[in-house]
Amino acid sequence: RRKGEKKQRFFYKFSFAPLRLCVFALIFSFPVLAQTKIAVLTPEKSDLNQTFAEKLESEFSDRFKVLNNSFAESAFLSGAFEKPFNLTTDQAKNAGEAIGCNYFLLVKANVQRRSAFKRDEYYEAYSVVYIVSVKTGKLVFWTLKSFDDDKSGEAEKKLFGSVKNLAGEISEKI
């Protein structure tokens, strides 16, 4: 072998080591980020609640590991909470451990007919989302989104149209 060939192989072998290390770190960091397990729960059963929760889950599917809704709901309901939107920290920890997630979201969506002195009858579509950390049992974040229109269906469309932005906002908090 030539004299310079050994030095050249040594140079190529170790000059790309930092690049290899970065690629290796990136490859193995993505699964860790995706391992955050969440459950989207709707304690009050209605078609609107279920549809809203399903749309929210589909927005989270590429960011988190979303647990099976029926199993998560069953585990949550086994706690037989009198006020599911007002849990103590111990109740929240126990519910989350039973579900097997890092965070759970309590979701409520509804459309209501409203009236006001200066406005004729209109409809308000709203959603409330509470995010609870299973590790601490504490409320991490909550939000209320509200949309109104003269027609019920239009207010509901506005609500469903807000799901993508809401999922982004929630993702930043988890």
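On a predicted model such as this, the values are computed, not experimentally measured, just so you know.

### Things to note about the nonpolar core
Inference 1: Residues Phe 52, Leu 56, Phe 60, Leu 105, Val 107, Val 129 and Ile 170 are the most contacted members of the largest nonpolar core, which totals 23 residues.
Inference 2: Within the residue set of this core, elements represented by two or more residues are β1 (37–41), α3 (47–60), β3 (103–116), β4 (119–133), α6 (152–161) and α7 (163–173).
Inference 3: Broken down by element, the residue count for this core peaks at five residues, all from α3.
Inference 4: With residues near it in sequence (within four places) discarded, Ile 170 still touches Phe 60, Leu 105, Val 129, Ile 131 and Phe 141.

### Topic: the sheet that holds β4
Inference 1: Taken in spatial order, the five strands line up as β2-β1-β3-β4-β5 in an open sheet, and their pairing is mixed. Across the chains shown, the open sheet's two edge strands, defined by having one partner strand only, are β2 (65–66) and β5 (139–149).
Inference 2: As paired strands, β4 and β5 are joined by ten bridges and run antiparallel to one another. Its bridge partner being in β5, Tyr 126 is matched across the sheet by Ser 146.
Inference 3: In this fold α3 packs onto β1, β2, β3 and β4, with an angle of close to 135° to the strand it touches most, β3.
Inference 4: Relative to the sheet, α7 contacts β3, β4 and β5, its axis offset from that of β5 by approximately 165°.

### Quick look at the packing of α3 against α6
Inference 1: Running from N to C, α3 and α6 cross one another at 30°; their axes reach a closest spacing of 10 Å. Our classification of the angle between α3 and α6 gives roughly parallel. Contact residues: Leu 48, Thr 51, Phe 52 and Lys 55 in α3; Glu 156, Leu 159 and Phe 160 in α6.
Inference 2: Classifying every residue of the contact of α3 with α6 by side-chain character gives four nonpolar, one polar and two charged.

### Regarding helix α4 (residues 69–77)
Inference 1: Inspection of α4 places Asn 69, Ala 72, Glu 73, Ala 75 and Phe 76 among the buried residues, and these make up the whole buried set. The arc that holds the buried residues of α4, viewed along the axis, is 165°, so those residues lie on one side.
Inference 2: Tucked into the core, α4 has its buried residues touching β1, α3, α5 (89–99) and β3.

The rules behind these values
- Residues numbered from 1 in each chain as written.
- Predicted model: local features only at pLDDT ≥ 70, side-chain atom pairs only at ≥ 80, totals over all residues.
- Heavy atoms only, no water.
- Core = buried A, V, L, I, M, F, W, Y, C linked by side-chain atoms within 4.5 Å.
- Buried < 20%, exposed > 50% of the residue type's maximum accessible area, 1.4 Å probe, protein only.
- Helix = DSSP H or I, 4+ residues; strand = E, 2+ residues; numbered from the N terminus.
- Contact = heavy atoms within 4.5 Å.
- Pairing = 2+ DSSP bridges.
- Axes fitted to C-alpha atoms, helices over the stretch in contact; angles between N-to-C directions.
- Parallel < 35°, antiparallel > 145°, perpendicular 65-115°, else oblique.
- Nonpolar A, V, L, I, M, F, W, Y, C, P; charged D, E, K, R; others polar.
- Arc of directions from axis to C-beta.

Take it as geometry only, folks, not as evidence of what the structure does.
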